[in-house]
Amino acid sequence: MAHPDDLELWAGGTLALHARHAPVTGAVAAHDEVRDSEAAASAKVLGIELELLDIADAAAVDDLIRRHRPEILITHPLDDVHPDHRAVAAAVLAGLPEVHIHTGCPRRLYTCDSYNSLTLSGPVNAPVIIDVTATFDQKMRALAEHRSQPIDDHFGPMAQNLAALWGGRIGAARAEAFTPIPILGRLPSAPHL
């Protein structure tokens, strides 16, 4: 992810949910001492490991995948409204093919939500919606660790609204949304509907 608060904002409930069953590592571009320490505190709240990347480029993506062998990788939308998000998504796509051929990892690639679920191409099309009702408070506590950012009057209310809207689509109180991206022309199969 591009910024120290992106893990929490766009996928915090899902990451915390997965961390209850398997190791989860979040990787974000390093910024400054304050924001990086906020990211570390937030990762603890989510129950995940954190890697701060000096450079979030294709080589860093390749290295992360080779070291962690993730089943699932989440990045920003390719057409995100934020240029830093688009740059990270492009780095993921650039770093993925060779390492996937050699390791088979990740098996699944998803993009997360964005600002008010809008991209440069229009509304986020997210057919995968995860019920995060059980971990939503944890997500919000993690987001609150980013005291240097406008959480109370900007990111917090947006996270509340998006979670309620996606949750409403699946009959849950809170949810997060994701879009599957093909890896070398393949999406993972589903065992059943």
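For the structure, check the block above.
Overview of the structure. Just so you know, these numbers come straight off a predicted model, no measurement behind them.

### Examining the overall build of the chain
Tallying secondary structure elements over the chain gives six helices and eight strands in all. If you list the helices and strands of the chain from N to C, you get α-β-α-β-α-β-α-β-β-β-β-α-α-β. Relative to the compact-globule value of 16 Å for 193 residues, the chain shows a C-alpha radius of gyration of 16 Å, a close match. Summarising its shape, the C-alpha atoms of the chain cover approximately 45 × 45 × 35 Å along the three principal directions.

### Digging into the nonpolar core
Taken as a class, soluble globular proteins show a tendency for nonpolar side chains to be buried jointly. Leu9, Trp10, Ile48, Met158 and Trp166 are the most contacted members of the largest nonpolar core, which totals 32 residues. Going through the elements one at a time, helix H1 (6-19), helix H2 (33-46), helix H5 (136-144), helix H6 (151-170) and strand E8 (175-181) are the ones with two or more residues in this core. The biggest single contributor to this core is H6, with seven residues. Beyond its immediate stretch of four places on either side in the chain, Leu9 contacts Lys139, Leu143, Phe155, Met158 and Ala159.

### Notes on unusual backbone geometry
Each neighbour pair has its own omega, and for Cys105 with Pro106 the value is -10 degrees, a cis peptide bond. Structurally, Pro106 can be placed in the loop between helix H4 (83-103) and strand E4 (108-111). Phi angles above zero are rare outside glycine, and Arg69 is one such case at about 50 degrees. Tracing the chain through its elements places Arg69 in the loop between helix H3 (58-68) and strand E3 (72-75). On the basis of relative accessible area, Arg69 is assigned to the partly exposed category, the value being 45%. Backbone geometry at Leu184 places phi at a positive 50 degrees, although glycine is not the residue there. Looking at where Leu184 falls in the secondary structure, it is placed in the segment after E8.

### Some words on the pattern of salt bridges
Applying the stated rule across the entire model yields seven salt bridges. In this structure, the salt-bridge partner of Lys139 is Glu176, at a minimum N-O distance of 2.6 Å. Taken as a pair, Lys139 in helix H5 and Glu176 in strand E8 lie far apart in primary sequence, 37 residues in all. Lys139 sits in the buried class, given a relative accessible area of 3%. The class for Glu176 is buried, based on a relative accessible area of 4%. Here Glu145 and Arg147 are joined by a salt bridge, their closest N and O atoms 3.2 Å apart. Residues participating in the shared-partner salt-bridge network are Glu51, Asp63 and Arg67.

So, how was this worked out
Residues numbered from 1 in each chain as written. Predicted model: local features only at pLDDT ≥ 70, side-chain atom pairs only at ≥ 80, totals over all residues. Heavy atoms only, no water. Helix = DSSP H or I, 4+ residues; strand = E, 2+ residues; numbered from the N terminus. Rg over C-alpha atoms; globule rule 2.2 N^0.38 Å. Core = buried A, V, L, I, M, F, W, Y, C linked by side-chain atoms within 4.5 Å. Buried < 20%, exposed > 50% of the residue type's maximum accessible area, 1.4 Å probe, protein only. Contact = heavy atoms within 4.5 Å. Salt bridge = Lys/Arg side-chain N within 4 Å of Asp/Glu carboxyl O.

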